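Below, each chain spelled out in residue letters.
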Amino acid sequence: AGLAAILLASAPAAYAMSKSSAAKLEAVQATKQARLRVLFQQGLAKLDEKNYEAAEIEFSFIIADADYPLVSAEQRYATYSLLAKAQSERDKYDEAYANLMLAANVAPDARSNFYWYLLWDVSTRLKKYGDAIDAMTTLTIADPKNTNYYYMPYVAQTIRNAQTLPDGKERRER
């Protein structure tokens, strides 16, 4: 009975310590996420400056960071997508494609027109015609008015390349 009384008496103190520890852990994680957001903004600024090599370094650094798993799926999607953009601008299409696939796996619902345009371009250059026509089709279905801004020789090339696919006729019709 005496041991039970001691344990019960120390329970509020233990609860307060665990609550304090949880608050400290949350504060540390918030600091780590804030640091990664700063790096992300720096990478974005490098993209805006068209300094694609520096942008690639920034985004790659973020992904390699041990704290990267702490950021949301949408933030990881954005990091992979923007890294792919920087790599594409540097003619690193294989790497750009791989990062676009990672972005899609992390947050498939976050894919935007930016993603689909980039996938269309990168997959065409890599002769991944299935992905190219799927990207073009997705863009067209999402906003048919955007087709006024498409580069028509690129559309024709994408449709022509679809003929090489086993289901090329179906995809061309779509």
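The structure we're discussing is the one just above.
Residues numbered from 1 in each chain as written. Predicted model: local features only at pLDDT ≥ 70, side-chain atom pairs only at ≥ 80, totals over all residues. Heavy atoms only, no water.

Here we come to the nonpolar core. Judged by nonpolar contacts, the single largest core of 39 residues is most densely connected at F59, Y115 and W120. Of all the elements in the fold, those that place two or more residues in this core are α1 (2–48), α2 (52–64), α3 (73–89), α4 (93–106), α5 (113–125), α6 (129–142) and α7 (152–162). Contacts of Y115, omitting those with residues within four sequence positions, involve Y77, S81, L100, M101, A103 and A104. (Core = buried A, V, L, I, M, F, W, Y, C linked by side-chain atoms within 4.5 Å. Buried < 20%, exposed > 50% of the residue type's maximum accessible area, 1.4 Å probe, protein only. Helix = DSSP H or I, 4+ residues; strand = E, 2+ residues; numbered from the N terminus. Contact = heavy atoms within 4.5 Å.)

Here the structure, examined in full by the defined rule, presents eight aromatic pairs. On the basis of an interplanar angle of 40° and a centroid distance of 6.2 Å, the ring pair of Y77 and Y115 is categorised as tilted. Of this pair, Y77 sits in helix α3 while Y115 sits in helix α5, placing them 38 residues apart in sequence. With relative accessibility at 8%, the residue Y77 sits in the buried group. Between Y117 and Y150 the ring centres are 6.1 Å apart and the planes differ by 85°, which places this aromatic pair in the edge-to-face class. On the criterion of sequence distance, the pair formed by Y117 in helix α5 and Y150 in the loop between α6 and α7 is long-range, its members being 33 residues apart. In this structure Y150 comes out as buried when scored by relative accessible area, which is 9%. By way of ring pairs, the aromatic residues Y117, W120, Y150 and Y154 are connected into one cluster. (Phe/Tyr/Trp six-rings, centres within 6.5 Å; stacked < 30°, edge-to-face > 60°.)

Here the focus is α4. Between its first and last C-alpha, α4 extends 20 Å over 14 residues, near the 20 Å set by a 1.5 Å rise per residue. For α4, every residue scored as buried is listed here: Y93, A96, Y97, N99, L100, A103 and A104. End-on view of α4: buried residues confined to an arc of 165°, all on one side of the axis. Of the exposed residues in α4, the ones pointing more than 90 degrees away from its buried face are D94 and N105. (Expected span 1.5 Å × (residues − 1). Arc of directions from axis to C-beta.)

On to the packing of α2 against α3, then. With their axes 9 Å apart at the nearest point, α2 and α3 run at an angle of 150° to one another. One element, α2, and the other, α3, form an angle in the roughly antiparallel class. Here α2 and α3 pass one another in a crossing that is left-handed. Touching Y52, A55, E56, F59, S60, I62 and I63 of α2 are T79, Y80, L82, L83, A86, Q87 and E89, all from α3. For the contact of α2 with α3, a count of residues per class yields nine nonpolar, three polar and two charged. (Axes fitted to C-alpha atoms, helices over the stretch in contact; angles between N-to-C directions. Parallel < 35°, antiparallel > 145°, perpendicular 65-115°, else oblique. Left-handed = near helix turned anticlockwise from the far one by under 90°. Nonpolar A, V, L, I, M, F, W, Y, C, P; charged D, E, K, R; others polar.)

Glancing now at unusual backbone geometry. We note that D91 has phi near 65°; this positive angle belongs to a residue other than glycine. Position of D91 among the secondary structure elements: in the loop between α3 and α4. Using a relative accessible area of 54% as the deciding quantity, one classes D91 as exposed. Located in the positive-phi region is K127, a residue other than glycine, with phi close to 60°. Topologically, K127 is positioned in the loop between α5 and α6. Classification of K127 by relative accessible area gives exposed; the value is 59%.

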